Amino acid sequence: QVQLVESGGGLVQAGGSLRLSCAVSGDVFSLTMQGWYYQPTGKERELLASITPSGSTKYEDSVQGRSTISRDNDKGTAYLQLNSLKPEDTGVYYCFGVSPGSTYWGPGTQVTVSA
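Just so it is clear, the structure is predicted and the values come from calculations on it, not from any experiment.

Brief notes about the pattern of salt bridges
- Applying the stated criterion across every chain, the model contains one salt bridge.
- Asp 89 is the salt-bridge partner of Arg 66, the closest N and O atoms lying 2.8 Å from each other. Taken together, the positions of Arg 66 in the loop between strand 6 (57-59) and strand 7 (67-71) and Asp 89 in the loop between strand 8 (78-82) and strand 9 (91-99) put the pair 23 residues apart, joining distant regions of the chain.
- What makes Arg 66 buried here is its relative accessible area of 12%.

Comments concerning the sheet that holds strand 3 (residues 18-26)
- Read across the open sheet, the four strands follow the order 1-3-8-7; overall the sheet is antiparallel. For this open sheet the edge positions go to strand 1 (2-7) and strand 7, each flanked by a neighbour on one side alone. Each strand of the sheet is rotated relative to its neighbour by a mean of 15 degrees, with strand direction disregarded.
- Bridging between strand 3 and strand 8 involves five bridges; their strand directions are antiparallel. By the bridge assignment for strand 8, Arg 19 is matched with Gln 81.

Some points on the nonpolar core
- Formed by 25 residues in total, the largest nonpolar core has its most connected members in Leu 4, Leu 20, Trp 36, Leu 80, Leu 82 and Tyr 93.
- Of all the elements in the fold, those that place two or more residues in this core are strand 1, strand 3, strand 4 (33-39), strand 5 (46-51), strand 8, strand 9 and strand 11 (109-114).
- Examining the composition of this core, we find that four residues originate from one element, strand 3, more than from any other.
- Those residues within four positions of Tyr 93 in sequence are excluded, and the remaining contacts are Glu 6, Leu 20, Trp 36, Tyr 37, Tyr 38, Leu 48, Leu 82, Gly 108, Thr 109 and Val 111.

A word on the pairing of strand 8
- In terms of burial, strand 8 is largely enclosed, as four of its five residues are buried.
- Summarising the sheet, strand 7 and strand 8 pair through five bridges and their orientation is antiparallel. Each residue of the ladder has a partner; that of Thr 68, found in strand 8, is Gln 81.
- Linking two consecutive strands that pair antiparallel, namely strand 7 and strand 8, is a turn of six residues; a positive phi of about 80 degrees is found at Gly 76 within it.

Details of the state of the cysteines
- One pass over the structure, following the stated rule, counts one disulfide.
- The residue that forms a disulfide with Cys 22 is Cys 95, at a sulfur-sulfur distance of 2.1 Å. Linking Cys 22 and Cys 95, the disulfide has an S-S dihedral of approximately 55 degrees and is accordingly described as right-handed. Taken together, the positions of Cys 22 in strand 3 and Cys 95 in strand 9 put the pair 73 residues apart, joining distant regions of the chain. Just as Cys 22 is buried, Cys 95 falls in that class too.

Overview of the packing of aromatic side chains
- Enumeration according to the criterion identifies four aromatic pairs in this entry.
- With centroids separated by 5.4 Å and ring planes inclined at 70 degrees, the aromatic side chains of Tyr 37 and Phe 96 adopt a geometry described as edge-to-face. In this pair, Tyr 37 is assigned in strand 4 and Phe 96 in strand 9, connecting sequence segments 59 residues apart.
- The interplanar angle of 35 degrees and the centroid separation of 5.2 Å between the aromatic rings of Tyr 38 and Tyr 93 together place this pair among those described as tilted. Residue Tyr 38 is located in strand 4, and its partner Tyr 93 is located in strand 9; the two are separated by 55 residues in the primary sequence.
- With relative accessibility at 2%, the residue Tyr 93 sits in the buried group.
- Through a chain of ring-to-ring contacts, the aromatic side chains of Tyr 37, Phe 96 and Trp 105 assemble into a single cluster.

Calculation notes
Residues numbered from 1 in each chain as written. Predicted model: local features only at pLDDT ≥ 70, side-chain atom pairs only at ≥ 80, totals over all residues. Heavy atoms only, no water. Salt bridge = Lys/Arg side-chain N within 4 Å of Asp/Glu carboxyl O. Helix = DSSP H or I, 4+ residues; strand = E, 2+ residues; numbered from the N terminus. Buried < 20%, exposed > 50% of the residue type's maximum accessible area, 1.4 Å probe, protein only. Pairing = 2+ DSSP bridges. Axes fitted to C-alpha atoms, helices over the stretch in contact; angles between N-to-C directions. Core = buried A, V, L, I, M, F, W, Y, C linked by side-chain atoms within 4.5 Å. Contact = heavy atoms within 4.5 Å. Disulfide = S-S within 2.5 Å. Phe/Tyr/Trp six-rings, centres within 6.5 Å; stacked < 30°, edge-to-face > 60°.

Spatial relationships are all this shows, so hold off on functional conclusions.
Printed below as a string of structure tokens:
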């Protein structure tokens, strides 16, 4: 079992930056991938970025070039640095972790970008 908890959300002005963290507890070393989704109000959850324990990363077009995903391999903590934030980035940000046969989710952290 793995438990995930996000932090670092909040209110930021357009053009600003945030660093989101995803703390992991439980069987950290079972995770083969971690990443981030976000869900704007009233819309579907969207994948943003993912990272493997070896450091391989993938980004969706919506954040390519203005975000960085990273991971502390000792603790399993995942991070998402978001830059040049736009009002349309407003939503709940969820971290996820994948292990063989299971996907785990955190409760989410709200990010609000004001114009």
